[in-house]
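So you can see what is in the structure, the chains are spelled out below.
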Amino acid sequence: MDVVELGTAHSDALVRFFQSLPEGDLTFIEEHVTDPDVVRSWATGSGGARRWVALDGEEVAGYVAVRPLTGWSAHVGEVRLVVSPTRRGSGLGRQLARHALVAAVGDGLAKLVVEVVAEQGAALALFTDLGFTGEALLRDQVRDREGNLRDLMVLAHHVDDTWSGMATVGLSDALGEDVS
Ligand SMILES: CC(C)(COP(=O)(O)OP(=O)(O)OC[C@H]1O[C@@H](n2cnc3c(N)ncnc32)[C@H](O)[C@@H]1OP(=O)(O)O)[C@@H](O)C(=O)NCCC(=O)NCCS
């Protein structure tokens, strides 16, 4: 599936994508992704994040973003990843996460973090395979829309540790990805 940088041409499709997610998934996403104004502002490049979508024709099947933190954490990027429930289990999440990782390393970020709600087995498996390790467990950090408390895991990827020795082969070659 084509993975392209998010642009204004995709903003309506991305609004539809988020609005079609089931309530259970929205619990695990911190931002107000069902607000069209929020999503449209991303497409104009606001906020300093890099964002990509996986396209199936005109429709968005998956979304990934890397948002650099600020101030003394400006070397850290926070990853967000969502795949359409109808497309899960076919490798799209892995493809998007790799794409974001390669781009973030290419952009010079030194560390990536991702917040995963503890029950999200697929997210845990996927990020662990890409060299992320558990760095914190925040108990009862998330309250879902039914009011239940869930633990949140912070996984981190330290670029220098993982990528030293890989630089000579080229970042894209190392993960088998072409990033634009
Ligand atoms: C996490 C998410 C992006 C994964 O997307 P996906 O397209 O299904 O991922 P993939 O198909 O690439 O699967 C990745 C791995 O997860 C594993 N996996 C899939 N479902 C699983 C499950 N229920 N339990 C444990 N592992 C699972 C598989 O082993 C797969 O590895 P494989 O390729 O070796 O078989 C998707 O479930 C999602 O959007 N979840 C809601 C949002 C979220 O939690 N995002 C992560 C934090 S930002």
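Further up the page is the structure itself.
Keep in mind that what you see is a predicted model, and the values were worked out from it rather than measured. (Residues numbered from 1 in each chain as written. Predicted model: local features only at pLDDT ≥ 70, side-chain atom pairs only at ≥ 80, totals over all residues. Heavy atoms only, no water.)

With that settled, consider the site of the ligand. What surrounds the ligand is a group of 19 residues, the closest being Leu81, Gly89, Gly91, Arg94 and Gln120. Leucine 81 has a polar backbone atom sitting 2.8 Å from a nitrogen atom of the ligand. Side-chain polar atom of arginine 88 to an oxygen atom of the ligand: 3.3 Å apart, as the coordinates give it. Put simply, the ligand lies in the largest pocket. Every element with two or more residues in the shell around the ligand is listed here: strand E4 (76–83), helix H4 (92–106), strand E5 (111–117) and helix H5 (121–129). Broken down by element, the residue count for the shell around the ligand peaks at five residues, all from H5. Residues that form the shell around the ligand fall into these classes: nine nonpolar, six polar and four charged. (Near = heavy atom within 4 Å. Polar contact = N/O pair within 3.5 Å; in protein donor to acceptor, adjacent residues only side chain to side chain. 1 Å grid on protein atoms, 1.4 Å probe; cavity = no way out; pocket = protein on both sides within 12 Å on 5 of 7 lines; lining within 4 Å. Sits in = over half its atoms within 2 Å of the grid points. Helix = DSSP H or I, 4+ residues; strand = E, 2+ residues; numbered from the N terminus. Nonpolar A, V, L, I, M, F, W, Y, C, P; charged D, E, K, R; others polar.)

On to the environment of threonine 27. Position of threonine 27 relative to the elements: it lies in the loop between helix H2 (23–26) and helix H3 (36–43). Judged by its relative accessible area of 14%, threonine 27 falls in the buried class. The spatial distance from the C-alpha of threonine 27 to the C-alpha of glutamate 146 is 9.0 Å, given a sequence separation of 119 residues. If near-sequence neighbours (up to four positions away) are discounted, threonine 27 is found in contact with Val142, Asp144 and Arg145. (Buried < 20%, exposed > 50% of the residue type's maximum accessible area, 1.4 Å probe, protein only. Contact = heavy atoms within 4.5 Å.)

As a further point, take the layout of surface pockets. The method is simple in principle: a probe with the dimensions of a water molecule rolls over the atoms, and the space it marks as empty is what remains. There is about 760 Å³ of room inside the largest pocket. Lining the largest pocket we find 34 residues, and of these Leu81, Val82, Val83, Gln120 and Ala123 sit closest to its centre. Counting residues per element, the ones that place at least two in the lining of the largest pocket are strand E3 (59–68), E4, H4, E5 and H5. Looking at side-chain class alone, the lining of the largest pocket contains 19 nonpolar, five polar and 10 charged residues. (Points joined across faces, edges and corners; volume = space filled by probe spheres on them.)

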